[in-house]
Amino acid sequence: MKPLDPDDSPGFLLWHATLRWQRGVTAALAPLGLTHVQFVLLACAWWLNNSGEQPNQLALARQAGTDVKMTSAVLRALEAKGLIERTVDAADTRAKRLRVTDGGAKLAPRAIAAVEGVDAAFFAPVSRRRAVDLLRRLSAQDDSGAAAG
């Protein structure tokens, strides 16, 4: 198989598009004092708390699609900023339950709005519905390319 020209390589184009999108997200979150991964974990914890769940670190990592050890380190940073509280789970003392603090609950919607603004601008060349449908299909595949679940 002949190698594709970079302008015809979906993976190469996705790489560059992802970098452009990440730069936008990073710039939008900087005034709020959050890194991209801090934002993802804070937003996921906030969404879960608002739906009545108080997840442990493993459940949050699964929701966010992040590595468990990295999640723990980032949660320590969010805790130090006063945005998340981690308490020992009464049912399993090895686990920590997560609750977004009042400060985190005020910041999360602002950060989500900032990132949604970046998303709207980034995906403007295609319809939002089309972008979401495509990304859902791509993220529902396992590593072999087969549909997951």
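See above for the structure.
Peer 1: Tell me about the nonpolar core, and name the residues and values.
Peer 2: Most often, soluble globular proteins keep nonpolar side chains buried together rather than apart. Within the largest apolar cluster, 26 residues are counted, with the highest numbers of intra-cluster contacts made by Leu29, Leu34, Phe39, Leu42, Leu60, Leu78 and Ile84. Looking at this core, the elements with two or more residues in it are α1 (10-29), α2 (36-50), α4 (68-80), β2 (96-100) and α5 (102-122). Per-element accounting of this core gives the leading share, 8 residues, to α2. With near-sequence residues (within four places) excluded, Leu60 lies in contact with Leu41, Cys44, Ala45, Leu48, Pro55, Leu75 and Leu98.

Peer 1: Which residues make up the environment of Val88, and what values go with them?
Peer 2: Mapping Val88 onto the fold places it in strand β1 (residues 84-88). Separated by 54 residues in the primary sequence, Val88 and Leu34 have C-alpha atoms spaced 25 Å apart. For Val88, the residues in contact, after removing those within four places along its chain, are Thr93 and Ala95.

Peer 1: Talk me through α2; I want residue IDs and the actual numbers.
Peer 2: With 15 residues, α2 should reach 21 Å at 1.5 Å per residue; the first-to-last C-alpha distance of 21 Å fits that figure. Taken together, the buried positions of α2 are Gln38, Phe39, Leu41, Leu42, Ala43, Cys44, Ala45, Trp46, Leu48 and Asn49. Where the residues of α2 are buried, they touch α1, α3 (57-64), α4, β1, β2 and α5. In the segment just after α2, Gly52 is the residue with positive phi, at about 90°.

Peer 1: Mind laying out the packing of α2 against α5, listing which residues take part and the relevant values?
Peer 2: Between α2 and α5, whose axes approach to 9 Å, the crossing angle comes to 115°. Once α2 is placed against α5, the crossing between them reads as left-handed. The residues of α5 that touch α2, namely those facing Phe39, Leu42, Ala43, Trp46 and Trp47, are Gly104, Ala105, Leu107, Ala108, Pro109, Ala111, Ile112 and Val115. Of the residues assigned to the contact of α2 with α5, the class counts are 12 nonpolar, 1 polar and no charged.

Peer 1: Tell me about the side chain of Gln57, residues and numbers included.
Peer 2: With respect to the element layout, Gln57 can be found in helix α3. Among the polar contacts made by the side chain of Gln57, one reaches the side chain of Arg86 at a distance of 2.8 Å. Apart from residues no more than four positions distant in its own chain, Gln57 is found in contact with Thr71, Ser72, Leu75, Arg86, Lys96 and Leu98.

Peer 1: Quick one: what's the story with the layout of surface pockets, residue by residue and with numbers?
Peer 2: What the largest pocket holds in volume is close to 1500 Å³. What lines the largest pocket is a set of 40 residues, and nearest its centre among them are Trp21, Asp119, Phe123, Ala131 and Leu135. Contributing elements (two or more residues each) for the lining of the largest pocket: α1, α2, α3, α5 and α6 (128-139). Taken together, the residues of the lining of the largest pocket sort by class into 25 nonpolar, 9 polar and 6 charged.

Peer 1: Could you give an account of α5, naming the residues involved and the relevant values?
Peer 2: Its 21 residues place the ends of α5 31 Å apart at the C-alpha level, agreeing with the 30 Å of an ideal helix rising 1.5 Å per residue. Structurally, α5 contributes buried residues whose contacts are with α1, α2 and β2.

Peer 1: Could you give me a rundown of the environment of Thr26, with the residues and numbers involved?
Peer 2: In this structure, Thr26 sits in helix α1. Here Thr26 falls in the partly exposed class, since its relative accessible area comes to 46%. A C-alpha to C-alpha distance of 6.1 Å links Thr26 and His36, two positions 10 residues apart in sequence.

Definitions and cut-offs
- Residues numbered from 1 in each chain as written.
- Predicted model: local features only at pLDDT ≥ 70, side-chain atom pairs only at ≥ 80, totals over all residues.
- Heavy atoms only, no water.
- Core = buried A, V, L, I, M, F, W, Y, C linked by side-chain atoms within 4.5 Å.
- Buried < 20%, exposed > 50% of the residue type's maximum accessible area, 1.4 Å probe, protein only.
- Helix = DSSP H or I, 4+ residues; strand = E, 2+ residues; numbered from the N terminus.
- Contact = heavy atoms within 4.5 Å.
- Expected span 1.5 Å × (residues − 1).
- Axes fitted to C-alpha atoms, helices over the stretch in contact; angles between N-to-C directions.
- Left-handed = near helix turned anticlockwise from the far one by under 90°.
- Nonpolar A, V, L, I, M, F, W, Y, C, P; charged D, E, K, R; others polar.
- Polar contact = N/O pair within 3.5 Å; in protein donor to acceptor, adjacent residues only side chain to side chain.
- 1 Å grid on protein atoms, 1.4 Å probe; cavity = no way out; pocket = protein on both sides within 12 Å on 5 of 7 lines; lining within 4 Å.
- Points joined across faces, edges and corners; volume = space filled by probe spheres on them.

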